[in-house]
Amino acid sequence: MSKNVVFLALFLTAVGSAQNCVAPTSQQLIIYRAGSLTRAFKPLEEKFTCQTGIQVKDQAMGSVDAGRQITAGGQAADLYAPADYLDVDLFMKPAGYSDFNIIFAHGRMILAYSPSGLAAKKLPPIAEPGSAPNSIPKAVAKWYEILTMPGVSISGGNPFLDPGAYRAPMIFQLAEEYYKLPNLYNNLLEHVVIPGQNSGATLGKQFDFQFSYEHNARGTAATNSDYRYVDLPDEINMSDPAKDAYYRQHAIVVLPGLGTPKSARTIAVPGAHVAWGITLMKDAPNKDNAIKFLQLLLSPVGTASLNENGPEPISPALVSPADLHKLPESLRSLVKTTGK
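These numbers come from a predicted model, not from an experiment.

Take the nonpolar core next. Note that soluble globular proteins tend to have their nonpolar side chains buried in a common cluster. Ile102, Phe104, Ile126, Trp143, Phe209 and Phe211 are the most contacted members of the largest nonpolar core, which has 85 residues in total. In terms of residue count, helix α7 (residues 163–179) provides more of this core than any other element does, eight residues in total. In this structure, Ile110, Ala217, Tyr227 and Tyr229 belong to the second largest nonpolar core, which totals eight residues.

Note that Asp58 resides in strand β2 (residues 55–61). Within the local environment of Asp58, its side chain forms a polar contact with the side chain of Arg33, the two groups lying 2.7 Å apart. Aside from chain neighbours lying at most four places away, what touches Asp58 is Ile31, Arg33, Lys42 and Glu45.

Under the definition given, this model contains 10 aromatic pairs. Seen in terms of ring centroids, Phe41 and Phe104 are 6.2 Å apart; in terms of plane orientation they differ by 35°. Their pairing is tilted. Taken as a pair, Phe41 in helix α2 (residues 38–52) and Phe104 in strand β4 (residues 102–106) lie far apart in primary sequence, 63 residues in all. A ring pair is formed by Phe48 and Phe293, whose centres lie 5.4 Å apart and whose planes are at 85°; its orientation type is edge-to-face. Pair noted here: Phe48 is in helix α2 and Phe293 is in helix α12 (residues 287–297), with a separation of 245 residues, a long-range link. Of the two residues, Phe48 and Phe293, neither departs from the other in class, the shared state being buried. Across the ring face of Tyr97, the terminal group of Lys262 is positioned such that the distance to the ring centre comes to 4.2 Å.

Within the structure shown, the criterion is met by 14 salt bridges. The residue Arg33 makes a salt bridge to Asp58 at a minimum N-O spacing of 2.7 Å. Placement of the pair is Arg33 in strand β1 (residues 28–34) and Asp58 in strand β2, with a sequence separation of 25 residues. We classify Arg33 as buried; its relative accessible area is 1%. Across the pair Arg218 and Glu214 runs a salt bridge whose closest N-O atoms are separated by 3.6 Å. Residue Arg218 and its partner Glu214 are located together in helix α9 (residues 214–223), separated by four residues, close to a single helical turn. Residues participating in the shared-partner salt-bridge network are Arg108, Lys138, Glu214, Arg218, Asp231 and Asp234.

Bringing the environment of Leu123 into the picture now. Locating Leu123 in the fold gives a position in the loop between α5 (115–120) and α6 (143–147). According to the relative accessible area criterion, Leu123 is buried, its value standing at 14%. In this structure the C-alpha to C-alpha distance between Leu123 and Thr49, which are 74 residues apart in sequence, comes to 49 Å.

Take the packing of α2 against helix α13 (residues 300–309) next. Contact geometry for α2 and α13: axes closest at 8 Å, N-to-C directions at 145°. The two elements α2 and α13 meet at a crossing, and its hand is right-handed. On α13, the residues that touch Arg39, Ala40, Pro43, Leu44 and Lys47 of α2 are Val301, Gly302, Ser305, Leu306 and Asn309. Residue classes in the contact of α2 with α13 are distributed as five nonpolar, three polar and two charged.

With 17 residues, α7 ought to run about 24 Å at 1.5 Å a step, and its terminal C-alpha atoms sit 24 Å apart, in line with that. Where burial is concerned, most of α7 is hidden: 14 out of the 17 residues are buried. The backbone nitrogen of Gly164 lies 3.0 Å from a side-chain oxygen of the residue at the head of α7, namely Asp162. Of the residues flanking the end of α7, it is Lys180, one or two places downstream, whose phi is positive at about 55°.

What counts and what doesn't
Residues numbered from 1 in each chain as written. Predicted model: local features only at pLDDT ≥ 70, side-chain atom pairs only at ≥ 80, totals over all residues. Heavy atoms only, no water. Core = buried A, V, L, I, M, F, W, Y, C linked by side-chain atoms within 4.5 Å. Buried < 20%, exposed > 50% of the residue type's maximum accessible area, 1.4 Å probe, protein only. Helix = DSSP H or I, 4+ residues; strand = E, 2+ residues; numbered from the N terminus. Polar contact = N/O pair within 3.5 Å; in protein donor to acceptor, adjacent residues only side chain to side chain. Contact = heavy atoms within 4.5 Å. Phe/Tyr/Trp six-rings, centres within 6.5 Å; stacked < 30°, edge-to-face > 60°. Lys NZ or Arg CZ within 6 Å of the ring centre and 35° of its normal. Salt bridge = Lys/Arg side-chain N within 4 Å of Asp/Glu carboxyl O. Axes fitted to C-alpha atoms, helices over the stretch in contact; angles between N-to-C directions. Left-handed = near helix turned anticlockwise from the far one by under 90°. Nonpolar A, V, L, I, M, F, W, Y, C, P; charged D, E, K, R; others polar. Expected span 1.5 Å × (residues − 1).

Here is the structure:
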């Protein structure tokens, strides 16, 4: 085949692909969301723009940070999707910024490490041997003793800004209760370091362990052979909705509120299973466009994107009975109630 024929075929393929998309419009959709949703939301937003012509302004950051940006910070937003669904229920709804909470995905916390980093420090193995294929290796029974050894550091973030960061001290509280070891929470907390945002700190170099979401860890491990992770007991990894009463009883963080007159000065966030929520802001400037995106997210297309990229979808998504009648009517058939 000649080069001209190849170029023509590629050109026609590109034209055909472009013709499948609606012409771009000046309409907009503004989403403030957790960074942990990037892998799933980016392709979904591209598909949304292709189908509708609506341009998506996507802002990814710590979920509590995002909540403050679109309230006290005065940033316009249509949709807010935090990595802890309770950030909608405890921050947004009581202050009157949103009416409902759709819980659309769930996951677990894992403990990540670098095999070469552990070897360089001569630390004991953190993973139990003999894990079943296609399963997450279990952490050794006394993993917490390794994390509290002299010189060991655990990477963390600012818990006032990000659920991924405030779930680490929750895990420490749950571990102290589960293992019945007094002061384990404090001993683990002493090993937490918070690297600067642009410090270039990496796992296995500047720090030894990191708590992360399973789907993020899975994506990183697929491209980095020196990145591994282990699972913790369900009483600690915050994965099981049936254990929410246990998580709530034994783990809590207290955060500053949104910083607006309508928000409480401080807000207590109890432990709960890891789940992502999404809400429509009451003052959304592009409400109709936001509802269209929610329809896509809650459709089989959205479920497929979450299945491929994580976090794991909840399908149909969940809303409380009290929130159901507050949903736009076009969304009600796409969800089910939680029963409480």
